Amino acid sequence: MTRTALVTGAAQGIGAEIAATLSRRGYRLALMDRDADAVNEAARALHDVVALPCDVSDAAAVASAFEALETCPDLVVNNAGVVRFGLLADQSVEDFAKVVSINLVGVYIVTREAVRRMRERRSGHVISLTSINAYGPGPGSGAYPATKSAVKQLMRQFSLEYGDCGIRFNSIAPGFIDGGMSTPIYADPKVRKARSAGVPIGRLGTPADIAEAVAFLDSEAGGYINGHDLVVDGGVTNAVLRNLPRE
């Protein structure tokens, strides 16, 4: 049976790669993104797909988008996210709240709409993207690390409350990924070289690395994994002593 997947933030970057990977595996797709032109263009490049222009932090718009699907998705991937760089005490409340509204509240809104449908069918899977910033926050990242840590716990709570409805909830924590919001960072050759050297396997990650992790978690091979945050980072979160060796 053909599975249906809804991917948020799907117009570009990691979200677009997740959508393309799932499409190659035969999924029907719903692409959700607040950039209407970009998400419509992304949809035209894939087979058996519908575009859903929508801001994930707008509860009414998200509910309408799910209604427009006319079917309950088998898989929902919460990928949409933003970052506002700057030291915490120098940030405006508006910037801090904007990141929270999309990265955390938006994940809750989309997941809630999915669960309301999946529990009636008694099957489904929600995967949300977190970050290695949930394990080790970086200076100047604003609200981003806090939201990603919260999303990890949110998926765990959903897994406890709705696992007996046949629904799984997992998350994926990308490391240094050469794509999406990090593209401008790795445009600097010095940063690219330094960060690549800090990863035990010696390279930056790619959007395809994350997309393959999504496909694995939603496969039969990943079918007993629930409430888990899968770190996909080439080992960098375990490399403190490697990167700061003893004398």
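Rules of the game
Residues numbered from 1 in each chain as written. Predicted model: local features only at pLDDT ≥ 70, side-chain atom pairs only at ≥ 80, totals over all residues. Heavy atoms only, no water. Salt bridge = Lys/Arg side-chain N within 4 Å of Asp/Glu carboxyl O. Helix = DSSP H or I, 4+ residues; strand = E, 2+ residues; numbered from the N terminus. Buried < 20%, exposed > 50% of the residue type's maximum accessible area, 1.4 Å probe, protein only. Core = buried A, V, L, I, M, F, W, Y, C linked by side-chain atoms within 4.5 Å. Contact = heavy atoms within 4.5 Å.

Asks: Go over the pattern of salt bridges, please, and point to the residues and values.
Replies: Overall, the coordinates contain twelve salt bridges when judged by the stated rule. Note that Asp218 is salt-bridged to Arg3, the shortest N-O span being 3.0 Å. With Asp218 in the loop between helix H8 (207-217) and strand S7 (229-232) and Arg3 in the segment before strand S1 (4-8), this pair connects stretches of sequence that are 215 residues apart. You can call Asp218 buried: its relative accessible area is 7%. The salt bridge partner of Arg121 is Asp74, with a shortest N-O separation of 3.4 Å. With a gap of 47 residues between them, Arg121 in helix H4 (residues 93-121) and Asp74 in the loop between helix H3 (59-69) and strand S4 (75-78) connect regions that are remote in the sequence. Residue Arg121 is classed as partly exposed on the basis of its relative accessible area of 33%. The exposure class assigned to Asp74 is buried, which follows from its relative accessible area of 14%. Here the salt bridges do not stand alone but share partners, grouping Glu67, Arg112, Glu113, Arg116 and Arg117 into one network.

Asks: Any chance you could break down the nonpolar core for me, citing the residues and the numbers?
Replies: With 32 residues, the main nonpolar core has Leu6, Met32, Phe66, Val76 and Phe169 as its most contacted residues. The leading source of residues in this core is H4, at eight residues. Contacts of Phe66, omitting those with residues within four sequence positions, involve Leu6, Met32, Pro73, Val76, Val110, Glu113, Ala114 and Arg117. Membership of the second largest hydrophobic core comes to 26 residues, among which are Ala42, Leu75, Ile210 and Leu217.

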